[in-house]
Amino acid sequence: MKRPAKKVATDRSFVVALARGLEVLRAFRPNDGLLGNQEIAARTNLPKPTVSRLTYTLTRLGYLTPVPRFEKYQLAPSAMALGYAALANLGVRHLSESYREELMRQTGGAVAVGGRDRLSMIYFGQSRNGLTLGVQLDVGSRIPIATTAMGRAYIWALPGDERASLLRELREHYGSRWPRIRDAIERAGETVEKSGFAISAGEWQDDVHAVGVALKLDDGTGPYAFSCGAPAFRFTEDRLRHDIGPRLVAMVRNIEAALGGATPRLIEEQNKKEENKKLKSGGKIARMVAGIR
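These remarks concern the structure in this document. (Residues numbered from 1 in each chain as written. Predicted model: local features only at pLDDT ≥ 70, side-chain atom pairs only at ≥ 80, totals over all residues. Heavy atoms only, no water.)

### Here we look at helix α2 (residues 37–44)
Since the α-helix turns once every 3.6 residues, residues separated by three or four places project in the same direction. Definition in use: Burial here depends on accessible area, computed with a 1.4 Å probe over protein chains only, as a share of the maximum for the residue type. Under 20% is buried, over 50% is exposed, and the range in between is partly exposed. Working definition: helices are DSSP H or I runs of at least four residues, strands are E runs of at least two. Numbering for both runs from the N terminus. This arc corresponds to the set of directions leading from the helix axis out to the C-beta atoms. Every residue pair with non-hydrogen atoms within 4.5 Å of one another is taken to be in contact.
Listed as buried for α2 are N37, I40, A41 and T44. Buried positions in α2, seen along its axis, are confined to an arc of 100° and lie on one side of it. Exposed residues lying more than 90 degrees from the buried face of α2 are Q38 and A42. Where α2 is buried, its residues touch α1 (16–26), α3 (48–61) and β2 (72–75).

Quick look at the structure:
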């Protein structure tokens, strides 16, 4: 979920109470189990008395189930129904399943599709097998935008103004770590421009290498992004660049065509683009992130 475009303080249409209630629901993460008011308050930065009123209200509405023995709560079926309804309406998840399964069989990698959730990407489709030991993410898992192949592909699929806004949020979030992360995002932009995919080789998790490709549609949704990853010993950087990356690009372009999105690029066109659009240090991609220093 993207942040509201307007500042809350100046947006008269923004319902603060609703936003706080949703923040309480967002506090529950996969494999969390039970959360108490104090834990929810810590995760949401809301005052504990406010959280107590919100959890009471959400309980009355059927979105939380109280567990009196531990004085905690868990998500109720009504809350889970919202997530399943959202998944059911994501056509890209269903249509891409056969493509993801095929690429998984071809490469031995875990193939996922996700969308943005603030400063993370959230998986809403995942295909993996026993060969992808070490890549144990599943539907609902979150990964950082800034350091993953999926996230970097997403960044460079955004319109310029949206990308600049996201980069400013990332700069604020990472603080002193930002210069190194910014440089890696810049390099990812160059790779996307030349080859159509982004790479993360041990930059998120030391032992995981992956490529990412964005999916753009003409219906106003997205962008979304796909990734294909595996343990580093299985996906070397050379294999990422010359085998896995091109395969993932071809897969995503086929999905775009099937969904009525962007016209797929032929291999010959892609090769020509790689030859004609070589970027030098300080070139177009560097200028696009200039100012986000």
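Having seen it, we continue.
### Structural notes on the pairing of strand β8 (residues 224–231)
Here is the rule: Pairing between strands is defined by DSSP: at least two bridges between them are needed.
With eight of eight residues buried, β8 is to be regarded as a mostly interior element. In this structure, strand β3 (residues 110–117) lies alongside β8, joined through five bridges in antiparallel fashion. From the neighbouring strand, V111 faces β8, where its bridge partner is C228. For strand β7 (residues 208–215) and β8, the ladder comprises eight bridges, and the chain directions are antiparallel. Pairing of V213 across the sheet is with F226, part of β8.

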